[in-house]
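Here is how the chains run, residue by residue.
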Amino acid sequence: MTGLSEQGFEAIVLAIGAQVDLKLNIPGEGANGVTAGIEFLRRVNSGKDIGAGHQVLVIGGGNTAVDASRVSTRLGAGHVTILYRRSRDEMPAIRDEIAAALKEGIDIETLVSPREAMVKNGHVAGLKCVKNRLGEPDSRGRRMPEPIPGSEFNIEADSVIVAIGQVPDES
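Structural notes, computed from the coordinates.

Criteria and cut-off values
Residues numbered from 1 in each chain as written. Predicted model: local features only at pLDDT ≥ 70, side-chain atom pairs only at ≥ 80, totals over all residues. Heavy atoms only, no water. Axes fitted to C-alpha atoms, helices over the stretch in contact; angles between N-to-C directions. Helix = DSSP H or I, 4+ residues; strand = E, 2+ residues; numbered from the N terminus. Parallel < 35°, antiparallel > 145°, perpendicular 65-115°, else oblique. Left-handed = near helix turned anticlockwise from the far one by under 90°. Contact = heavy atoms within 4.5 Å. Nonpolar A, V, L, I, M, F, W, Y, C, P; charged D, E, K, R; others polar. Polar contact = N/O pair within 3.5 Å; in protein donor to acceptor, adjacent residues only side chain to side chain. Salt bridge = Lys/Arg side-chain N within 4 Å of Asp/Glu carboxyl O. Buried < 20%, exposed > 50% of the residue type's maximum accessible area, 1.4 Å probe, protein only. Patch = residues over 30% accessible without salt bridge, like charges linked within 9 Å, V, L, I, M, F, W, Y side chains within 5 Å. Areas by Shrake-Rupley, 256 points an atom, 1.4 Å probe, with all protein chains shown as cover. Core = buried A, V, L, I, M, F, W, Y, C linked by side-chain atoms within 4.5 Å. Pairing = 2+ DSSP bridges.

Topic: the packing of helix H2 (residues 63-74) against helix H3 (residues 95-103)
As a packed pair, H2 and H3 sit with axes 10 Å apart at the nearest point and diverge in direction by 25 degrees. The orientation of H2 with respect to H3, classified from their angle, is roughly parallel. Remark: the crossing between H2 and H3 carries left-handed chirality. Only Glu97, Ile98, Ala100 and Ala101 of H3 make contact with H2, whose side of the interface consists of Val66, Asp67, Ser69 and Arg70. Partitioning the contact of H2 with H3 into residue classes produces four nonpolar, one polar and three charged.

Looking at the side chain of Thr81
Mapped onto the elements of the fold, Thr81 is located in strand S4 (residues 79-84). Separated by 3.4 Å, the side chains of Thr81 and His79 make a polar contact. Residue contacts for Thr81: discarding those within four places in its chain leaves Val56, Leu57, Val58, Asp107 and Glu109.

Section: the pattern of salt bridges
Taken as a whole and judged by the stated rule, the model has seven salt bridges. Where Arg43 meets Glu39, a salt bridge forms, and the shortest distance between an N and an O atom there is 3.2 Å. Within this pair, Arg43 and its partner Glu39 are both found in helix H1 (residues 37-45), separated by four residues, close to a single helical turn. On the basis of relative accessibility, which here comes to 27%, the residue Glu39 falls in the partly exposed class. With a closest N to O distance of 2.5 Å, Glu104 and Arg70 form a salt bridge. One end of the pair, Glu104, is in the loop between H3 and strand S5 (107-110); the other, Arg70, is in helix H2, with 34 residues separating them in the sequence. Judged by relative accessible area, Arg70 falls into the buried class, the value being 13%. Each of the salt bridges in this network shares a partner with another, and the network as a whole consists of Arg70, Arg74, Glu97 and Glu104.

What to know about a nonpolar patch on the surface
Judged by side-chain polarity, Val20, Leu22, Ile164 and Val167 come together as a nonpolar surface patch covering roughly 260 Å² of accessible area. You can see Leu22 is positioned in the loop between strand S1 (20-21) and strand S2 (34-36). Accessibility expressed as a relative area gives 35% for Leu22, which makes it partly exposed.

Let's talk about the nonpolar core
The biggest cluster of nonpolar side chains holds 22 residues, and the ones touching the most others in it are Phe40, Val58 and Val66. Listing elements by their share of this core, those giving two or more residues are H1, strand S3 (55-59), H2, S4 and H3. Of all the elements, H2 adds the most residues to this core, at four residues. Ignoring sequence-local partners within four residues, the contact set of Phe40 consists of Thr35, Ile50, Ala68, Val71, Ser72, Leu75 and Ile161. Among the nonpolar cores identified, the runner-up in size contains 16 residues, and Leu57, Val112, Val124 and Cys129 belong to it.

Describing the sheet that holds S3
Read from one edge of the open sheet, five strands run S2-S10-S3-S4-S5, paired in parallel fashion. Whereas interior strands pair on both sides, the edge strands pair on one side only; in this sheet they are S2 and S5. Strand-to-strand twist of the sheet, defined as the mean angle between neighbouring strand axes without regard to direction, takes the value 20 degrees. Where S4 meets S5, four bridges bridge the pair, whose relative direction is parallel.

Listed below in structure tokens is the structure:
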């Protein structure tokens, strides 16, 4: 970048994007069949053969989550469910994309948070979850999900896609 200011440029913008998936940080997250959202979409986009799984759970409420759920359906998944920790009104994904996902038969369960990946023989078998209620707003004004004691439940799955956000790859 040296020399750019000498060429008359007054500013330099590095637009590297956010390509590192955030983790849930729950037990069992490292099991086979648990995939990060951007990595899942990157593999599909590069033409790699990815088994969609029969029962797919997608964690998150943004565009990556909706994209991953719709791609899973197109890859032949038997049933796809998006799990989001807040209400549908608070989902940050594009409204038209959410509507298209619902039209494609994708279920959306809101006010749900995963607590643990259930693992059988090294492969994900489902998620242990808890239901939430919305509490006070956080620093950005979004109401914080609060777990409801005694509301734990399990959902079976043979594939889990974690799409809860990304950060820049600063390496």
